[in-house]
Amino acid sequence: MKSRSVIFLLFSFLTSNALFAQLNWPVVNNTMKPWTRWWWQGSAVNKADLAKNLGAYQRAGIGGVELTPIYGAMGHEKEFLPFLSKGWMEMLGYTLKQSKQLGLGVDLANGTGWPFGGPWIADKDASHSIYYKTYNLSAGESLKEKIILHQEGFVRTANGKSLDLKDVKKPLLANKDQQSISIDQIQYSEDLYPIMIMAYPENGLAENISSKIDSNGKLNWRNRNKSTTIIALFTGLHGKIVERAAPGGEGYAIDHFSPTATKNYLKHFDNAFRGYDVSGIRSFFNDSYEVDDARGQSNWTASFLSEFKTRKKYKLEDHLPALFGLDSPEKNSQVLYDYRAVIDELLLEHFTINWKKWATARGAMVRNQSHGSPANTLDLYSVVDIPETEGNDILRFKFASSAGNVSGKKLVSAEAATWLNEHFLSDWKDVRKAVDLFFLGGVNHIFYHGTAYSPADAPWPGWLFYAAVHFQPTNPMWKHFDVLNKYITRTQSFLQTSKPDNDILVYYPIADQYAKTGKAMLQHFDGMEHNFEETDFKKLSEWMLENDYQFDFFSSRQLQRFSYDKGIVSSGNKYQVILLPGNKYLEAADLGKLVALARQGATIAVYKDVANEVPGFADRTNRQSKLDSLKKLLRFSVDGLTSRAPVGRGFFIVSEDAGALLRACKVRKETLHENKLSFVRKKNQQGTLYFISNNGENEFNGWINLSAVTERACVAAFNPMNGEKGMLSTRLGEDNQHETYLKLQPGESMLLQVSARAITADPFSTYDKQAAPTILSGKWQLEFLEGGPSLPQSRTIESLVPWNALNDTAANNFSGLAKYSLNFERPVFANKDVQSGLYWELTLDKVYHTAEVFLNGRSLGASIGPAYKWRIKNSDLALSNKLEIEVANLMANRIAYMDRNNLPWKIFYNTNMPARKKENSKNGLFDASQWKPLPSGLSGSATLTPLITTRSSQ
């Protein structure tokens, strides 16, 4: 029996290792594929074209669409379907059914354009602003003037066209041609009457004298004090209109601080959905807050004063001078903090949480862009299912990915490739570079921005969205779009099946910002910009990025849910240390939680010093006393560049030297930055996963240190661009650090899977040149396959030149697909060993912009760059060969032709097609008429190089 048990255990061990030794890529689902924002312009959709559009997306490797109705195309007004109308709902139902058949996912924006709002939003549910006027009275004096605030009124359009307020009807919905006038914000001229009047005697208590005013605005009240300041509060519509609204979606933006407004807004969807099967909607989407990218601020809600009293236990109206910056600097800061903290709570509870509950009750998730909100974005991101970011800054991305990591979300998404360059100038390698940055910032669910639905009979270039990049089937590079999509899919297949492996939890010092006084009552948080410039929080975060420390931000609310179990635990993820980044303010409850975690064994790192002050005015004395008492528990003793205070089984460690601080905390440190490599580290069932990117200009070829690689570790490499995989070599370096061999071309990325288990698999193959390259020479045939405005004549060329260099007007104007062909003989080398080499490398010097290579009629695959190289098996290279290279260029040259000839393609309401860069603008619209033909096709040489395999082996 003992012998049989040993045999069984040995068999089990070998079997489990054999399964892992296959080094398979994760099984792909549609979530792992890139998705795209799908603009329904005017919602002028029909079933036949919906099916064609969706089929094209699916064949290109798209995993799903986010349906967002938007402004319409001119000339198609009769086809417009009002948002959520019966006809619109029928098209939604068809889309869900067709998408399911194609294996595509569907998300739905909970509105048209952004922010949430629409024609069903009554004035009481719309965003509001607070205003005030002050009056000073001497002893015995009465106010002679009426307390009325005249609002001059204004109107602002989204398309930049001038519109006179007197030409706009009141109410807003009385204006019938909303798509054409494209109002972005409006405030009508009117007199506002006070909602409250407060008197503040020089040496006395505040008095509410609101009842002393008559219907005409006359205050019937006499000052009986030496000197009194009167503050009158007024509220009016902020006037923000849904931006880029679709037909049937135009109207006021909602009051995000009102639970009633949120409820009434979502009730309209329930009414529209009734009788339809919408179970195919995976998640509902909110395209950022973006209420206050307008004049003034949406900074009030009708119930604010009562909400404030409930939450802060004092009356805000008793301290209006401090709210408006008219008291001492200290009190101004404290009361303003409390006001902002309440706004924070209202946006979180009344909008975000209520929206999440609504979606959950309907079997769907929510995906939210929280950035831009006047609240703690970490908390807003944390309560939704899929936090979403955008932009081009890793620290900005980290607010969404940190919230996702700390709260245990599986997915963190990104609105990717928004305005990478001017219209029509970005190619797929530019998109890939942008996507890699998102991956490095913790994103694992890419959404292109975006793809416009376009009917089959629409003249080229079809319907487009105003912000580049144009992920459209009319884009010539669509021919090779699947290469980019496969790359993203392979990468996300690993990232989505892994969990974060970050070490440091960085306290988000939003209290420091809430306490800052300034011109605006509210601040809007969008990464580090504007709010955290020149702060220790930003500087420390940048330093950690540059020094290869892996970290997440966390909020005060999240802190209260942390626990300790051989590490700081948050929703299943474990961290080594909590870091306070030199913040000025700290709640006593937060320090109390940190002390409790330290008692259990946690390490609390403090940059510079523990905060000395609690924020806010409410119950300040009591909270400050608690903070002071807790700080007395921390008895520091100097230890070199750090000071250490033992607390239970853990420590507080303080230093002004960030490096010394993290070394004292024994935090893991990678060293990839030293080799100009960027990375994100994750963990999965197999061990530790690294996504490593070479964003430099030079090849990296050498040995790297990875913290997860130990004596018995095995390292497998997975190339997401071509699907190749295999084992990498490891060794013990001169400094007794275990090293891994890695070779990365500029712009190349690799997934490295580190496992502590023994793996038997083929080594990952790399290749070195066996001899000098041979230039393929001869007469090339150039043939234009598809595109326009017309197909240039085929011709014979002596060398590889771009087709815009042919002195041919038709070629200069051409955007599309062309083929370069060459018959060539297999190169002959003096060294016979070369002839028996396993591979050859075909290299194209310059490609504008994507290319697929065919050798003797067989495709070798397509490339989107930045390097254009193909490996050819020795057995596939005959003595005489035919090389064909199909190249797709940008849309730019054909667009420039259309602009030079005033051909209509900018046919859209609202914003139409603004230029990204000022020099490309004419009469407020994008214009390419002055562009010279951009390089298109091939340039330089095509070479063949014999390769020798230099395989990495264990």
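In what follows, the accompanying structure is described. Small disclaimer: the values here were computed from a predicted structure and weren't measured. Per chain, the residues get numbers from 1 upward, laid out in the order the sequence is written. This being a predicted model, a pLDDT of at least 70 is required before a residue's local features are given, and a value of 80 or more before pairs of side-chain atoms are given or counted; all residues contribute to the totals for chains, interfaces and linings. Side-chain metrics rest on all non-hydrogen atoms present in the structure, leaving aside hydrogens and water.

## As for the environment of Lys769
Helix and strand assignments come from DSSP, with helices taken as H or I runs of at least 4 residues and strands as E runs of at least 2, each series counted from the N terminus. In this fold, Lys769 is placed in strand E36 (residues 767-769). Taking the C-alpha atoms as reference points, Lys769 and Val335, separated by 434 residues in sequence, lie 70 Å from one another. Setting aside its immediate chain neighbours within four residues, Lys769 contacts Thr945, Pro946 and Leu947. By definition, residues are in contact when any of their heavy atoms lie within 4.5 Å.

## Some thoughts on the nonpolar core
Grouped together as the largest cluster of nonpolar side chains are 190 residues, with contacts concentrated most on Trp88, Ile186, Phe284, Ile446 and Ile504. For Ile186, the residues in contact, after removing those within four places along its chain, are Phe154, Val155, Leu165, Val168, Leu172, His238, Gly239, Ile241 and Tyr252. In plain words, nonpolar cores are sets of buried Ala, Val, Leu, Ile, Met, Phe, Trp, Tyr and Cys residues tied together by side-chain atoms within 4.5 Å. We call a residue buried when its accessible area falls under 20% of the maximum for its residue type, exposed when it is over 50%, and partly exposed in between, using a 1.4 Å probe and counting protein chains only. Core analysis: the second largest hydrophobic core is formed by 32 residues, Phe814, Leu855, Tyr868 and Leu877 among them.

## Topic: the packing of aromatic side chains
Here a ring pair, both rings aromatic, is described through the centre-centre distance and the interplanar angle of the planes. Any pair of Phe, Tyr and Trp rings, taking the six-membered ring for Trp, is counted once the centres come within 6.5 Å. Such a pair is stacked with planes under 30 degrees apart, edge-to-face with planes over 60 apart, and tilted for the rest. Counted under the stated rule, the structure contains 65 aromatic pairs. Placement of a positive charge over a ring is assigned whenever Lys NZ or Arg CZ falls within 6 Å of the ring centre and within 35 degrees of the normal to the ring plane. When the ring centre of Phe447 is taken as origin, the NZ or CZ atom of Arg367, which lies over that ring, is 3.7 Å away. Over the ring of Tyr549 we find Lys669; its NZ or CZ atom is 5.9 Å from the centre of that ring.

## Describing a negative patch on the surface
Only residues whose relative accessible area exceeds 30% and that form no salt bridge enter a patch; like-charged residues are grouped when within 9 Å of one another, and nonpolar side chains (Val, Leu, Ile, Met, Phe, Trp, Tyr) when within 5 Å. The Shrake-Rupley method, run with a 1.4 Å probe, gives the accessible areas here. Residue values count only the displayed protein chains as cover. The working definition used for a salt bridge is a side-chain nitrogen of Lys or Arg within 4 Å of a carboxyl oxygen of Asp or Glu. Counted as positive: Lys and Arg. Counted as negative: Asp and Glu, with His and the chain ends omitted from the count. Lysine's charge is taken at NZ, arginine's at CZ, aspartate's at CG and glutamate's at CD. A cluster of like negative charges, contributed by Glu77, Glu79, Asp177 and Asp457, occupies part of the molecular surface. The topology assignment puts Asp457 in the loop between strand E16 (445-452) and helix H12 (481-495). For Asp457, a relative accessible area of 65% corresponds to the exposed category.

## Quick notes on the sheet that holds strand E43 (residues 850-855)
The strand order across the open sheet built from six strands is E39-E38-E41-E46-E43-E44, with neighbouring strands paired in antiparallel fashion. Lying at the two open borders of the sheet, with one neighbouring strand each, are strand E39 (795-797) and strand E44 (858-863). Neighbouring strand axes in the sheet, compared pairwise and without regard to direction, differ in orientation by 25° on average. By the convention used here, strands pair only if DSSP detects at least 2 bridges between them. Examined bridge by bridge, strand E41 (residues 815-825) and strand E46 (residues 880-888) share nine bridges and lie antiparallel to one another. Within E46, the residue paired with Ser821 across the bridge is Glu884. Orientation is described by axes fitted as lines to C-alpha atoms, over the contacting stretch for helices, and by angles from 0 to 180 degrees between their N-to-C directions.

## What about the sheet that holds strand E31 (residues 714-718)?
Judged by pairing direction, the sheet is antiparallel, and its six strands sit side by side in the order E17-E28-E29-E35-E31-E32 without closing on themselves. Strand pairing shows two members of the sheet lacking a second neighbour, strand E17 (499-500) and strand E32 (725-727), which therefore form its edges. In this sheet, strand E35 (residues 749-755) lies alongside E31 in antiparallel orientation, the contact comprising five bridges. Across the sheet, Ala717 pairs through a bridge with Leu752, a residue of E35.

## Here's the deal with the side chain of Ser541
One can find Ser541 in helix H14 (residues 536-546). In contact with Ser541, not counting residues within four places along its chain, are Leu395, Met528, Phe551 and Phe553.

## Topic: unusual backbone geometry
Residues Lys170 and Pro171 are joined by a peptide bond in cis, for which omega reads 5°. Looking at where Pro171 falls in the secondary structure, it is placed in the loop between strand E6 (154-157) and helix H4 (178-181). Residue Pro461 is bonded to the preceding Trp460 through a cis peptide linkage, with omega at 10°. Position of Pro461 among the secondary structure elements: in the loop between E16 and H12. Its identity is not glycine, yet Ser288 carries a phi of approximately 60°, on the positive side. Tracing the backbone shows Ser288 in the loop between strand E12 (281-286) and helix H6 (304-312). Here the phi dihedral of Glu290 falls at roughly 45°; this positive angle occurs in a residue that is not glycine. Relative to the helices and strands, Glu290 is located in the loop between E12 and H6.

## Let's talk about helix H5 (residues 259-273)
An expected span of 1.5 Å times one less than the residue number is assigned to each helix. A rise of 1.5 Å per residue sets the reference length of H5, with its 15 residues, at 21 Å; its end C-alpha atoms lie 21 Å apart and thus fit the reference within 8%. Contact partners of the buried residues in H5: helix H3 (86-102), strand E3 (105-109), E12 and helix H8 (329-361). Counted as a polar contact is a pair of N or O atoms within 3.5 Å, where, for protein atoms, one must be capable of donating a hydrogen and the other of accepting one, and residues adjacent in sequence contribute only when both atoms are in side chains. With a side-chain oxygen lying 3.3 Å from the backbone nitrogen of Thr260, the N-terminal cap of H5 falls on Ser258. Gly275 sits one or two residues past H5 and shows a positive phi near 95°.

## Thoughts on the pattern of salt bridges
A complete count under the given rule lists 48 salt bridges for this structure. For Asp501, the salt bridge goes to Arg668, with nearest N and O atoms at 3.0 Å. With Asp501 in the loop between E17 and strand E18 (504-507) and Arg668 in the loop between helix H18 (658-664) and strand E28 (678-684), this pair connects stretches of sequence that are 167 residues apart. Owing to a relative accessible area of 9%, Asp501 belongs among the buried residues under this scheme. Note that Asp536 and Lys608 form a salt bridge whose closest N and O atoms lie 3.1 Å from each other. Of this pair, Asp536 sits in helix H14 while Lys608 sits in the loop between strand E24 (603-607) and helix H17 (620-632), and the two are 72 residues apart along the sequence.

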